[in-house]
Each structure stands twice: as C-alpha cells, then as structure tokens.
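# A look at the structure
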Amino acid sequence: MKKYTDTGKKDTRSGFGDGLTELGRKNPNVVALCADLVGSLKMQDFIDENPERFFQVGIAEANMIGIAAGLTIGGKIPFAGTFANFATGRVYDQIRQSVAYSGKNVKICASHSGVTLGEDGATHQILEDIGLMKMLPGMTVINTCDYNQTKAATLAIAEHEGPVYLRFGRPKVANFTPEDQNFEIGKAVNLYEGNDVTIIATGHLVWEAIQAAEKLSEKGISAEVINIHTIKPLDEETIIKSVKKTGCVVTAEEHNFLGGLGESVARTLAENNPAPQEFVATQDTFGESGTPEQLMDKYGLNAEAIIKATEKVLSRK
Amino acid sequence: MSDIQELKDFATQVRRDILRQVHKVNSGHPGGSLGCTEFFTALYKEVMHQNTDFDMNGKDEDLFFLSNGHISPVFYSVLARTGYFPVDELNTFRLINSRLQGHPTTHEGLPGIRIASGSLGQGMSVAIGAAEAKKLNKDKHLIFSLHGDGELQEGQNWEAIMYAAANKIDNLIATVDLNGQQIDGSTETVLPMGNLKKKFEAFGWDVIEIEDGNDIEQVIDGLKEAKTHTGKGKPVCILMTTVMGNGVDFMMHTHAWHGKAPNDEQLEKALAQNPETLGDY
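Below or above, wherever it landed, is the structure these notes cover. Treat the numbers as computed from the prediction; the structure is a model and nothing was measured. (Residues numbered from 1 in each chain as written. Chains lettered and ligands numbered in written order. Predicted model: local features only at pLDDT ≥ 70, side-chain atom pairs only at ≥ 80, totals over all residues. Heavy atoms only, no water.)

## Comments concerning the packing of helix α1 (residues 4–25) of chain B against helix α10 (residues 264–272) of chain B
Residues and elements named next belong to chain B. For clarity, the cut-off: Throughout, an axis means a line fitted to C-alpha atoms (over the contacting stretch in the case of helices), and angles, computed between N-to-C directions, take values from 0 to 180 degrees. Counting from the N terminus, the helices are DSSP H or I runs at least four residues long and the strands are E runs at least two residues long. Angle categories are assigned with fixed cut-offs, so that under 35 degrees is roughly parallel, over 145 is roughly antiparallel, 65 to 115 is roughly perpendicular, and the rest are oblique. It only takes one pair of heavy atoms within 4.5 Å for two residues to be counted as in contact. Note that Gly is not counted as nonpolar here; it falls among the polar residues with everything else outside the nonpolar set of Ala, Val, Leu, Ile, Met, Phe, Trp, Tyr, Cys and Pro and the charged set of Asp, Glu, Lys and Arg.
One way to put it is that α1 packs onto α10 with a least axis distance of 10 Å and a crossing angle of 175°. Taken together, α1 and α10 sit at an angle that is classed as roughly antiparallel. Facing Arg 16, Leu 19, Arg 20 and His 23 of α1, the residues of α10 in contact are Asp 264, Leu 267, Ala 270 and Leu 271. A per-class count over the contact of α1 with α10 returns four nonpolar, one polar and three charged.

Below, the structure is given as structure tokens:
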C-alpha cells in the first residue's frame, strides 16, 4: 500500500497566500481585495510587493464583492479574500447578481471554513457555503486539502476564465500532496486503488480518509480513496467508474450533509449507478467553540468516523 | 454641442419607446424611466465619450453603470438609438428568449450592458471597481453611474460611499435620481433619508445639484460641471431632482406608475403628449 507522508503541518490559508504572492509576480492583471483580514488570509506578502494592486475595503464584504466585479471590467483578475462565512452567506446576493449572473471573472477566496475555525464558534463556522456556491449557475467550487494543493489551486484559478469559489481553512494540517502538482480544475485525484468501497473526500477530510484507508487495510478491507478538490464541476466519470467497481461509497467533508459534496455524489450515482452511500458530514447543525480536533471528533469528521461509515455501508451492499 | 431641439426630440422619442415597450408586455417600470429620460439623453448623446464597437472591458472610453436596473426601458431605448443594437429589438422587451430582460443583464450578451442590476444597492460598488481598474490601466476616462433615491436605503451604498471618499475615487460621477418616490409611497413616508447633500458631503464627496433633472440643458450643464470636479481627490455626486413619470401628465408626481404599464387608452393619451420624432420602431 502506497504511503502518504506528511512533510510538516501547514495551514491551507498559507498555501493561498503563497500562491497569491507568486501570481503577483507573474500576472500583472491579478489584483487582491480584503475585508480587514489580511493577516488571517496571509495576504501581506502580495501587498508588500504590489501595494497598488491591493484594495483594503474595511469591514464591508458586500462592497468588496461589488468592487471585485467592477475590477474585471478593465481586465483585472480580482482575488477577494475573507472568512468563508462572510465570503458567501453574508454576500450571497452580491455574488449572485454582480458576479455569477454577470459572468465576472472574480475569485472568491474563503478561509476559515468549517468547524476547524475552532474557538470563535458557530457565528464564524460556516457549514453551508459549498451548498450556497454550488447552486449558483456558472460558479466553480473548489475545496482544497492541504498547503501544496491550495497553492496549486490558487495559481490554477487565475488561468480559468469565470467565477470561482476557493475554500480553505485555518488550522495547520498534514501537507502530503506533491509540491509540484499540476492542479486540474474538475479532475479528481485517485489516492488509493481498492475494490471494496470508494471513499470520496474533500478538504481537511482527505487526510482523514487516507488514515482510514490504512486502518481498513489492516482489517482486510480494500478502500479506493478519491480526493475531490473540485466539487463543481464534479468529476462524475471518475466517481461512476470507481463505484461501479466497488459497489458502495462513503463521502467525507467538513460541511453540512445537506448541500455538500455528498449530495453531489449521490445525485451523480442516482442518475448513473445507484449504490449504498454513507455521509461523513455535519448533520444539519451549527458548530460551537472548541479546538479543531475536539470539534472534528465531536461532529464525526475524522478517520474514525470514516471507518465506522465504511463498515456500515459495507453491511448494506 | 448638439442642437438642444435635436436632443429634446431624441428624448421625446425615447419617451415613446418607454411607453410602447411597457405597454406591449403589460409590465415594466415607466415612471422612473420617464423621469430619467433627459439624463440618459444628455449622458449618451452629449457627455460621455464612447467607442463605437462595444467591448466589455471598455478601455479608453467612459463607462456607465445603471444601479437601479428597473428603469431598463429608458436604458434600452437610449442604447438602441445610439447604435448599440438594432432599434427594432425594443420589440422584444421582456419577452421570452429576448436579450432585453426585465432588468438589464450581461447574461444574454446585449451590447452596452456591463453588469446585471435589479437587486438594488450594488451598482456603486461595481462602478468603484471599474474606476479602480481605470486608474490601474492609466485610462483617464470617467465612470458614470445612476442610482435611485429610494435605493440609497440599501446599506451597501454607504459602504461604497465611505470607500470611494477614503480611496479618492475621483474618476467617478455618481448621480442620484431624486424623484422622491418608491414602491410603497414617497421616500418621505417610507423611510425619510434626511439631507442627502449633507450626508454625501459628510462622507467626503463633492456634491453638485441639478434642480430640474427634466430640463435637458440643466442636466448637460450639471454633468459637464461635474466633469470639471473630477481628478481632484474626491468622488463626485450629482443630486438630480426629477419628476417620476415626466412627460405624461397623468403619470407625474406619483409612485403609482413605478411598476405599472398603461392600458390601450392610456397609451394613446400618453403618446399624444409625446409626438413621434425619430420614428417608432
């Protein structure tokens, strides 16, 4: 069994910040906006190198989205950064009308998504953002799993014409994907080949899925693990092909089971290859204060939860 | 400068276009459209510098953003009659498969439209973004925008107003249509906004007033004066008083025609007050 190695824990938001800095050097049309969260979004290096291409809007996210839309008219590629909660729910209508419906090339860059934001609690922990963003026609939705992948995704979305929601997080997590990876929007990454069950994970749950697969292997269960970084457009072909082989699926995400990756997978399978599915996700609830680890444990978002879900889905085959 | 009579004739034809568009589909917003006819005429015929071929990025030309998108009939008429798309296409207003959606959109690729609007309060932010892009591109042309007075009740405007002054967006001329009306009644009864001039000034804007926004000469003078205030470190606001429904006696001074189309008889009466000048589509 292939071994994935954590090269040292890093936060995905730093992958965004470092990707943005690199973009600043190579693409003069890239501009950045922030709503009073520069430090949290790791945007300072970009600002230091390109002060004229950075727009500090203050605590005014609606205005930030509108300004970003306007900047595209003139050929700019705006990267608008704030916490996931304020980047989506707070400004849904601004994104809907001024960005998505208007077809503007805005990159909405959302840090601190999910419960791993931690101690600040539910007011700041959005678990509905993937659903909100994937329902918008024309919106690309990406949820990256580690530092390297977030950096690669940040670079890749600058080359993609159209609105993108890029979701990442706060805590330092395992960094295990290749540093020099070619990030292809809409293309799933196969991490393990297996025959008994397909585990499809996104974001912070990808590392947990790898841990789960290793432990399942010790129990004699062969799990296929797929890293879905792009929830929309979804790599349906890879999912269908895998589930045709394994006959059942577990989806894992740091998001409500309503509206998330799991539902997108369920719809794909319902249309093409119906199969038993278990959802590792939050169960229509808000989060709360706690450390990221405590919260992932309490809300059933870790390797242990994936193993349990796998055992359950296998019993339903 | 164009002959004033020529501009008045243009405005009269635009009024006919507005009335005929909304009448045909028995929907749309004639009141605010009629009130802003002179503004659009002045802007597109006399004040802005536009390139002949429409390009979304609009480099080396002035740009206009309509924030109160429901007055699409006047926008469409003026765009068509200044060459953005065939005048005959006004026949498709609000019909299925049309580029002339109820509220303006880029989605159907209608030339002249650079942003969707309709959900209120978003246009000033977009205009500021476009103004920032012009500055980055070292493009000296200006950004114009139009906003309803009732629309200023949306909080996003005040985020934008604060930002524009703080960041010296001095290549933006934002006009507020003070017609004093909104859907549920007058702005004074729905939600009084106090002294808008003082508010804009307190936020750090340069404010110009147009007392009669239905007098084409006053509108041209006001817009031209506003242009002389650009490039001086402050965003420029024009507070333009208009009469909703202007040019049709029974539609004036009331919010009743905000979103209501005339019937056959009312249309006939309204058109008689605005005789054909450039030819109906």
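The rest of the description comes next.
## Quick look at the interface of chain A and chain B
Counted only if it meets this: Buried area: the sum, over both parts, of the accessible surface (1.4 Å probe) that disappears when the two are put together. Definition used for salt bridges: Asp or Glu carboxyl oxygen within 4 Å of a side-chain nitrogen of Lys or Arg. Polar contact is the term for a pair of N or O atoms within 3.5 Å; when the atoms are in protein, one must be able to donate a hydrogen and the other to accept it, and sequence-neighboring residues count only if both atoms are side-chain atoms.
Each partner contributes residues to the interface: chain A has 28 residues there, and chain B has 30 residues. Here chain A and chain B share an interface that buries about 2200 Å² over both sides, 55% of which is from carbon and sulfur atoms. Among the residues chain A hides against chain B, the three largest losses belong to Ile 73, Gln 97 and Tyr 101 of chain A. Together they make up 29% of the total. Here chain A and chain B share zero salt bridges between them. Where chain A packs against chain B, one counts 18 residue pairs in polar contact (both at pLDDT 80 or more). Of all the elements in the fold, those that place two or more residues in the side of chain A that touches chain B are β3 (54–56), α4 (61–72) and α6 (92–101) of chain A. Ranked by residues supplied to the side of chain A that touches chain B, first place goes to α4 of chain A with nine residues. For the side of chain A that touches chain B, the per-class residue count stands at ten nonpolar, twelve polar and six charged.

## Some remarks on the pairing of strand β5 (residues 107–111) of chain A
Residues and elements named next belong to chain A. Formally: Buried residues are those whose accessible area, probed at 1.4 Å on protein chains only, stays under 20% of the maximum for their type, while exposed residues exceed 50% and partly exposed ones sit between those limits. For two strands to be treated as a pair, DSSP must find at least two bridges joining them.
Most of β5 is tucked away: five of the five residues are buried. Burial along β5 is two-sided: Lys 107, Cys 109 and Ser 111 and Ile 108 and Ala 110, pointing in opposite directions, are all buried. In this structure, strand β4 (residues 77–83) lies alongside β5, joined through five bridges in parallel fashion. Note on β5: the bridge partner recorded for Thr 82 is Ala 110. Where β5 and strand β7 (residues 164–167) come together, four bridges link them in parallel fashion. Note on β7: the bridge partner recorded for Ile 108 is Tyr 165.

## Notes on helix α10 (residues 236–246) of chain A
Residue and element names in this part refer to chain A. Inspection of α10 places Thr 238, Ile 239, Ile 240, Ser 242, Val 243 and Thr 246 among the buried residues, and these make up the whole buried set. Check the buried side of α10 and you find it contacts β9 (189–192), β10 (197–201), β11 (223–227), β13 (249–256) and α11 (261–272). After α10 finishes, the residue Gly 247 shows a positive phi value of roughly 85°.

## Considerations on the sheet that holds strand β3 (residues 172–178) of chain B
All names here are of chain B. The five strands are arranged β1-β2-β3-β7-β6 in an open sheet whose pairing can be described as parallel. Each edge of the open sheet carries a strand with a single partner, namely β1 (63–66) and β6 (206–210). Neighbour to neighbour, the strand axes of the sheet diverge by 20° on average, direction disregarded. Relative to strand β2 (residues 143–148), β1 is paired through four bridges, and the arrangement is parallel. Considered in β2, the bridge of Leu 63 is made with Ile 143. Where helix α9 (residues 216–229) meets the sheet, it contacts β2, β3, β6 and β7 (236–241), and its direction lies at approximately 170° from that of β6.

## Describing unusual backbone geometry
All names here are of chain A. The amide bond that connects Lys 232 to the next residue, Pro 233, takes the cis arrangement and shows omega of -5°. With respect to the helices and strands, the residue Pro 233 is situated in the loop between β12 (230–232) and α10. Phi is positive for Asp 284, close to 50°, though the residue is something other than glycine. Among the secondary structure elements, Asp 284 is positioned in the loop between β14 (277–282) and α12 (292–298).

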